[in-house]
Amino acid sequence: MKPLEDINVAILSEDGFEESELTSPKEMLESNGANVTIVSPRKGKIRSWKDDNWNMELAVDKQVQQTGADEYDALLIPGGVANPDLLRVNEDTVAFVSNFFEAGKPIASICHGPQVLIETGALNGRMMTSFPSIKTDLKNAGAQWIDKSVVVDAGLVTSRSPEDLDDFNAKMIEEFAEGVHENQKTI
């Protein structure tokens, strides 16, 4: 049996996601048995950003307005500069992410992706990492920022950049397999 068999994972994204930060974890999740759903406030397709250009298009499986955290066991938020900025200003998206925190469900986010987590108000006292340019934003949201390839805090997995994907993917699989983390319920 694969470690994530029968686990439903939402990948929350918008246009401008960093391609490798979505595709690499998605492949790892699926190869470990997870059922993966691409969730977005956008209808149709979302576009990746790779090497300073728009690149692949990815079909959206469900709009965030038509689904809820109760349908999933875990959440992945990839980075990219545009992606989290578009997500964090959408009230439905912020509510969707907040519900994962409230339920203690594992969340993984890489690079600029944690900007979305800031909007939930659930980061006070959490140990995290990210792309260095959003370090101050996370600290201002109450997080304890640590410069490591991957940081895990009670089901919350964060990482700095595509260079850390191997470490990020391994910890994401581990935390998603563990399931609900009672001490993650911080809201």
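Scoring rules and cut-offs
- Residues numbered from 1 in each chain as written.
- Predicted model: local features only at pLDDT ≥ 70, side-chain atom pairs only at ≥ 80, totals over all residues.
- Heavy atoms only, no water.
- Pairing = 2+ DSSP bridges.
- Helix = DSSP H or I, 4+ residues; strand = E, 2+ residues; numbered from the N terminus.
- Contact = heavy atoms within 4.5 Å.
- Axes fitted to C-alpha atoms, helices over the stretch in contact; angles between N-to-C directions.
- Phe/Tyr/Trp six-rings, centres within 6.5 Å; stacked < 30°, edge-to-face > 60°.
- Buried < 20%, exposed > 50% of the residue type's maximum accessible area, 1.4 Å probe, protein only.
- Lys NZ or Arg CZ within 6 Å of the ring centre and 35° of its normal.
- Expected span 1.5 Å × (residues − 1).
- Salt bridge = Lys/Arg side-chain N within 4 Å of Asp/Glu carboxyl O.

A. Examining the sheet that holds strand β12 (residues 156-159) more closely. Spatial strand order, β6-β3-β1-β7-β8-β12-β11: 7 strands in an open sheet with mixed pairing. The sheet is open, and its two borders are formed by β6 (62-63) and β11 (150-153), each paired with just one other strand. Where strand β1 (residues 8-12) meets strand β3 (residues 35-40), 5 bridges bridge the pair, whose relative direction is parallel. From the neighbouring strand, V9 faces β3, where its bridge partner is V36. This element, helix α6 (residues 165-178), spans β1, β7 (74-77), β8 (107-110), β11 and β12 of the sheet and lies at about 170° to β8.

B. The arrangement of the packing of aromatic side chains in detail. Within the structure shown, the criterion is met by 3 aromatic pairs. When the centroid spacing of 5.0 Å and the interplanar angle of 85° are considered together, the rings of W49 and W54 count as edge-to-face. Seen in terms of ring centroids, F96 and F100 are 5.2 Å apart; in terms of plane orientation they differ by 75°. Their pairing is edge-to-face. Residue F96 and its partner F100 are located together in helix α3 (residues 91-103), separated by 4 residues, close to a single helical turn. For the residue pair F96 and F100, the accessibility class agrees, reading buried in each case. An aromatic cluster of three or more residues is present, and its members are Y72, F96 and F100. Against the face of W54 rests R47, its NZ or CZ located 3.9 Å from the ring centre. In this structure, K105 is placed above the aromatic ring of F100, and the distance from its NZ or CZ to the ring centre is 5.9 Å.

C. Main features of the sheet that holds strand β5 (residues 53-59). Here we have 3 strands laid out as an open sheet, ordered β2-β4-β5, and mixed in their pairing. Across the chains shown, the open sheet's two edge strands, defined by having one partner strand only, are β2 (17-18) and β5. Two strands pair when backbone bridges link them, and strand β4 (residues 45-50) and β5 are joined in this way by 5 bridges, in the antiparallel orientation. Its bridge partner lying in β5, W49 is registered against W54.

D. Just α6, in detail. Helix length check: α6 (14 residues) gives 20 Å between terminal C-alpha atoms against 20 Å at 1.5 Å per residue, within 8%. Residues L165, F168, N169, M172, I173, E175 and F176 constitute the buried set of α6. Residues of α6 that are buried in the fold lie against β1, α1 (19-31), β7, β8, β11 and β12. Within two residues after α6, G179 carries a phi angle of roughly 80°, on the positive side.

E. View of the pattern of salt bridges. Per the counting criterion, the structure on display carries 10 salt bridges. In this structure, the salt-bridge partner of R160 is D147, at a minimum N-O distance of 2.9 Å. On the criterion of sequence distance, the pair formed by R160 in the loop between β12 and α6 and D147 in the loop between β10 (144-145) and β11 is long-range, its members being 13 residues apart. Among the residues examined, D147 registers a relative accessible area of 52% and is labelled exposed.

F. How the structure looks around the pairing of β1. The element β1 is extensively covered by neighbouring structure, given that 4 of its 5 residues are classed as buried. Where β1 lies against β7, 3 bridges are found, and the strand directions are parallel. Across the sheet, residue V9 finds its bridge partner in β7, namely A74.

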